[in-house]
Amino acid sequence: MAGNDLGSLLGGLLGGADGGQSGSGGGNILGSLLGALMGGAKSGGGADGSNPLGGLMDMLTKSGLADQAQSWVGPGENQPVTGDQVAQALPDETLQKVAQDAGVSPQQAADEIAQVLPQAVDKLTPQGQVPSGSLEDLIRQQQL
């Protein structure tokens, strides 16, 4: 499944490819989130299907997290977010699916996403803007 493939790629990008369990687990839950957004982006949300990152950033911005999201994309320190903020920004059905895929509660899924999202977005936006190409291609380029 796309979510699992993305999770493996994100886990490697976040430093969890071999031993860093938290990086790999975070990558898997983030991969599940992005996979759910790719499959469930009925309204579009700015995602083009192969790169749900733009749609995710739109959701965060519309939920009042514009400053945090911009800090991850732009240069400088990444501002943190809480699990509660992530839970409010995501559609309930998306968070439920991610939690189910990960075998955790929705709150735990939101907390894990909040921990890994700033670093992941920072690494996926090396040019200071959300890329328009395939997310999987971008992750592979970052690992080279």
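Everything below is about the structure printed above this text.
**Things to note about the overall build of the chain**
Then, number 1: Helix and strand counts for the chain come out as seven helices and zero strands.
Then, number 2: For the chain, the sequential pattern of α-helices and β-strands runs α-α-α-α-α-α-α.
Then, number 3: Across the chain, every contact between residues at least 6 apart in sequence was considered, and the portion connecting residues at least 24 apart equals 59%.
Then, number 4: When the accessible surface of the chain is summed, it comes to about 7,200 Å², and 45% of that surface belongs to carbon and sulfur atoms.

**Structural notes on the environment of Gln119**
Then, number 1: Take Gln119: it is sitting in helix α6 (residues 106-124).
Then, number 2: Taking the C-alpha atoms as reference points, Gln119 and Trp72, separated by 47 residues in sequence, lie 7.2 Å from one another.

**Thoughts on helix α3 (residues 53-73)**
Then, number 1: End to end, α3 covers just 11 Å across 21 residues, shorter than the expected 30 Å (1.5 Å per residue, more than 12% under).
Then, number 2: Restricting attention to buried positions, one finds in α3 the residues Leu53, Gly54, Gly55, Leu56, Met57, Leu60, Leu65, Gln68, Ala69, Ser71, Trp72 and Val73.

About the thresholds
- Residues numbered from 1 in each chain as written.
- Predicted model: local features only at pLDDT ≥ 70, side-chain atom pairs only at ≥ 80, totals over all residues.
- Heavy atoms only, no water.
- Helix = DSSP H or I, 4+ residues; strand = E, 2+ residues; numbered from the N terminus.
- Contact = heavy atoms within 4.5 Å.
- Areas by Shrake-Rupley, 256 points an atom, 1.4 Å probe, with all protein chains shown as cover.
- Expected span 1.5 Å × (residues − 1).
- Buried < 20%, exposed > 50% of the residue type's maximum accessible area, 1.4 Å probe, protein only.

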